[in-house]
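# Structural characterization, general
Residue-level listing of the chains:
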Amino acid sequence: MACCSSSSWVLKPRTSAWSPCRRPPSAAGCRRSLIVAASTSKFANENREYVIVGGGNAAGYAARTFVEHGMADGRLCIVSKEAVAPYERPALTKGYLFPLDKKPARLPGFHTCVGSGGDKQNSEWYTEHGIEVLYEDPVVALDIENQTLTTLTGKILKYGSLIISTGCTTIRLPENIGGFLPGVHYIRDVADADSLVSSLVKAKKVVVIGGGYIGMEVAAAAAGWNLDTTVIFPEEHIMPRLFTPSIAQRYEKLYQENGMKFIKGVLVDKLAAGPDGRVASVSLRDGSIIEADTVIVGIGAKPVVSPFEDIGLNKNVGGIQVDSLFRTTVPGIFAIGDVAAFPLKIYNRMARVEHVDHARKSAQHCVKTLLTANTQPYDYLPFFYSRVFEYEGSSRKVWWQFYGDNVGDAIEIGNFDPKVAAFWLNSDDRVKGVFLESGSPEEFAILPTLAKSQPVVDRAKLQSASSVEEALEIVKSSL
Ligand SMILES: Cc1cc2nc3c(=O)[nH]c(=O)nc-3n(C[C@H](O)[C@H](O)[C@H](O)COP(=O)(O)OP(=O)(O)OC[C@H]3O[C@@H](n4cnc5c(N)ncnc54)[C@H](O)[C@@H]3O)c2cc1C
């Protein structure tokens, strides 16, 4: 896929007639004058210079970057669909689902930006930093001409610059095959996770539909609750988009040792309710029926582009099209995080990345662009990770990281006791992607350098490495 050209996109942030504030910041008097103006205005937001739509992972990191630049106080408004301040969403299928007696994570413990060692930004943090947050009131309309947004409750909000960080929404099974039955769960936000926990408390038989990220993390959690759990997916092995069959096999074995059953290569036909109206079974296309009182569906997500379609979408990867500075085709409007389709410079293609590392970095890069003279293009190295079986008393913790692109041939080294590594080499023997399970902090730390530098390695030597440590040394010495 060709990388889009950003040359036709010109940054012209609109400075709005209503705002008495101009860059650089930041005078207390300036904030006061905005508030006075707001009290007589038809707009429901006091802070109008910068508006972020979406109160998720990226929004939390964007807010922190505004604060770091002294540009949040009295200027920044966040419009959120959720009832709570931004949090580190990955926790929902990890610490949040620990058994109740094993210290599960709960808010305010994982508000952004604790995932990267920053402040725990609870709702008071936003107030203290002069950031206006409108909760539980999603944006339903955008008026580009007048630079206004309308919320579900009918509020009209004004913006000078707008950042869209609406993330993704979970793909659901259709209602007519039982996808909306009580006891059928999807997991995207804290409310979903609470609902799932309330089912797990009384669950006996759990079915997880989907063998990707969400499915495997939820399945590991269900194992911690000692529940009879079956994972069903249409592919030949778990994590098919990233794992090789051989890597997948190692993890599948570990899951099976933890009591998990797998049904592979089959599609779900429908979910049926019992006499109480709750889900009671899952029927498969091959005719088999699995009993279940709790079903968790993890079959993917899609970017939330509504009501922003007019800004310009990317037809190939989905999401809102942006350039390497997160500028959309409309001056003054930016998109970040899961919803942004951006040029992935390192591989010269457009991409949308649904991972927290990109949510954080895109937010920081975008706000820096907006507030400073930054013109450095975003140069992202794809990074995925997972951590499961981490609850107290677990016999084997899992922690893997992957950097780069999983293209070419994978060379796997190590016996999974506890380590395993894989190196994806292209036809020129150049390292394109690296995967490591249970590495030391130093070993994990070198992975981005290896994936970014893409050294040419001695393929035969790497293949004959007798340990993960030796393999990493071989690749490091090729830098
Ligand atoms: C359960 C789960 C586990 C995950 N685990 C991992 C992991 O282990 N590793 C990893 O790298 N990534 C993981 N991810 C992905 C990661 O969480 C996302 O990439 C990240 O949250 C994206 O940040 P975002 O701000 O773009 O979107 P989100 O964090 O999803 O935030 C978007 C916010 O916008 C709100 N919104 C949507 N529409 C509107 C509207 N019209 N008006 C106002 N608000 C709106 C949403 O309600 C939401 O609060 C996980 C995701 C989930 C759901």
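All figures in this text were calculated on a predicted structure; none of them were measured in a lab.

### Regarding the nonpolar core
- Of all hydrophobic cores here, the largest spans 81 residues; its most connected members are F66, L149 and F423.
- If we skip the residues at most four places from it in the chain, L149 touches V51, V53, V139, A141, L142, K155, I156, L157, Y159, L162 and F308.
- Formed by 50 residues, the second largest nonpolar core is a distinct cluster that contains L92, F98, A248 and A422.

### A few points about the site of the ligand
- Near the ligand, the surroundings consist of 31 residues, among which A58, E82, R89, K94 and D338 are the closest.
- Contact between the ligand and N57: an oxygen atom at 3.0 Å from a main-chain N or O atom of the residue.
- Burial of the ligand by the protein amounts to 95% of the accessible area it has alone, namely 990 Å².
- At the level of elements, α2 (57–68), α5 (213–224) and α7 (356–371) are the ones that each hand at least two residues to the shell around the ligand.
- Shared between two domains, the shell around the ligand holds at least three residues of each, these being domain 1 (2–169 + 302–371) and domain 2 (175–299).

### Looking at the environment of N314
- Examined against the element boundaries, N314 turns out to sit in the loop between β17 (301–303) and β18 (320–321).
- N314 sits 160 residues away from I474 along the chain, and the two C-alpha atoms are 40 Å apart.
- Apart from residues lying up to four places away in sequence, N314 is in contact with G319, Q321, A341 and M350.
- At a separation of 2.7 Å, a polar atom in the side chain of N314 contacts the side chain of Q321.

### Some details on the packing of helix α8 (residues 441–453) against helix α10 (residues 468–476)
- Taken N-terminus to C-terminus, the directions of α8 and α10 make an angle of 35 degrees; their axes are 11 Å apart at the nearest point. Considering only the axes of α8 and α10, their crossing is left-handed. Where α8 approaches α10, its residues E443, I446, L447 and L450 are matched on the opposing element by E469, L472, V475 and K476.

### Quick word on the layout of surface pockets
- In this structure, the second largest pocket occupies an estimated 450 Å³ of space.
- Every residue lining the second largest pocket is counted, 26 residues in all, and those nearest its centre are P90, K94, Y385, R387 and E390.
- For the lining of the second largest pocket, the secondary-structure elements that each account for two or more residues are α5, α7, β22 (383–388) and β23 (398–404).
- In terms of residue count, β22 provides more of the lining of the second largest pocket than any other element does, four residues in total.
- Its residues assigned to classes, the lining of the second largest pocket shows 15 nonpolar, four polar and seven charged.
- Of the domains in this structure, domain 1 (2–169 + 302–371) and domain 2 (175–299) are the two that each give at least three residues to the lining of the second largest pocket.

### Some points on the domain arrangement of the chain
- The domains assigned to the chain are domain 1 (2–169 + 302–371), domain 2 (175–299) and domain 3 (397–476).
- Counting from both sides, the interface comprises 11 residues of domain 2 and, opposite them, 14 residues of domain 3.
- Contact with domain 3 buries area across many residues of domain 2, yet L242, R250 and Y251 alone supply 56% of it, more than any other trio.
- One can count one salt bridge joining domain 2 with domain 3.
- Measuring nitrogen to oxygen at the nearest pair gives 2.6 Å for the salt bridge that ties E412 to R250.
- Inspection of the domain 2/domain 3 interface yields five residue pairs in polar contact (both at pLDDT 80 or more).
- With five residues, helix α6 (residues 245–257) is the largest single contributor of residues to the side of domain 2 that touches domain 3.
- Of the residues contributing to the side of domain 2 that touches domain 3, the split by class is seven nonpolar, two polar and two charged.

### Description of the sheet that holds strand β4 (residues 139–143)
- Across the sheet, which stays open at both edges, the three strands sit in the order β4-β5-β6 with antiparallel pairing between neighbours. Edge positions in the sheet fall to β4 and β6 (156–158), since each of these pairs with one other strand and no more. Across this sheet, the average inter-strand angle for adjacent strands is 25 degrees, counted without regard to direction.
- Bridge analysis of strand β5 (residues 148–151) against β6 gives three bridges, and the strand direction is antiparallel. Residue pairing across strands places L149 opposite L157, the latter belonging to β6.

### Digging into the pairing of strand β24 (residues 409–413)
- Looking at chain direction, β24 and strand β25 (residues 420–425) are connected through five bridges and run antiparallel. Bridge pairing in β25 places I413 opposite A421.
- Counting the residues that bridge the hairpin from β24 to β25 gives six residues, and of these G414 lies at a positive phi of roughly 110 degrees.

### What about the pairing of β23?
- The buried fraction of β23 is high, at six of seven residues.
- Direction of pairing for β22 relative to β23: antiparallel, over a ladder of six bridges. Following the sheet pairing, F383 is matched in β23 by Y403.
- Across five bridges, the pairing between β23 and strand β26 (residues 431–437) is antiparallel. When the sheet's bridge partners are listed, F402 is paired in β26 with F435.

Scoring rules and cut-offs
- Residues numbered from 1 in each chain as written.
- Predicted model: local features only at pLDDT ≥ 70, side-chain atom pairs only at ≥ 80, totals over all residues.
- Heavy atoms only, no water.
- Core = buried A, V, L, I, M, F, W, Y, C linked by side-chain atoms within 4.5 Å.
- Buried < 20%, exposed > 50% of the residue type's maximum accessible area, 1.4 Å probe, protein only.
- Contact = heavy atoms within 4.5 Å.
- Near = heavy atom within 4 Å.
- Polar contact = N/O pair within 3.5 Å; in protein donor to acceptor, adjacent residues only side chain to side chain.
- Areas by Shrake-Rupley, 256 points an atom, 1.4 Å probe, with all protein chains shown as cover.
- Helix = DSSP H or I, 4+ residues; strand = E, 2+ residues; numbered from the N terminus.
- Domains from an automatic or database assignment.
- Axes fitted to C-alpha atoms, helices over the stretch in contact; angles between N-to-C directions.
- Left-handed = near helix turned anticlockwise from the far one by under 90°.
- 1 Å grid on protein atoms, 1.4 Å probe; cavity = no way out; pocket = protein on both sides within 12 Å on 5 of 7 lines; lining within 4 Å.
- Points joined across faces, edges and corners; volume = space filled by probe spheres on them.
- Nonpolar A, V, L, I, M, F, W, Y, C, P; charged D, E, K, R; others polar.
- Buried area = accessible area lost by both parts, 1.4 Å probe.
- Salt bridge = Lys/Arg side-chain N within 4 Å of Asp/Glu carboxyl O.
- Pairing = 2+ DSSP bridges.

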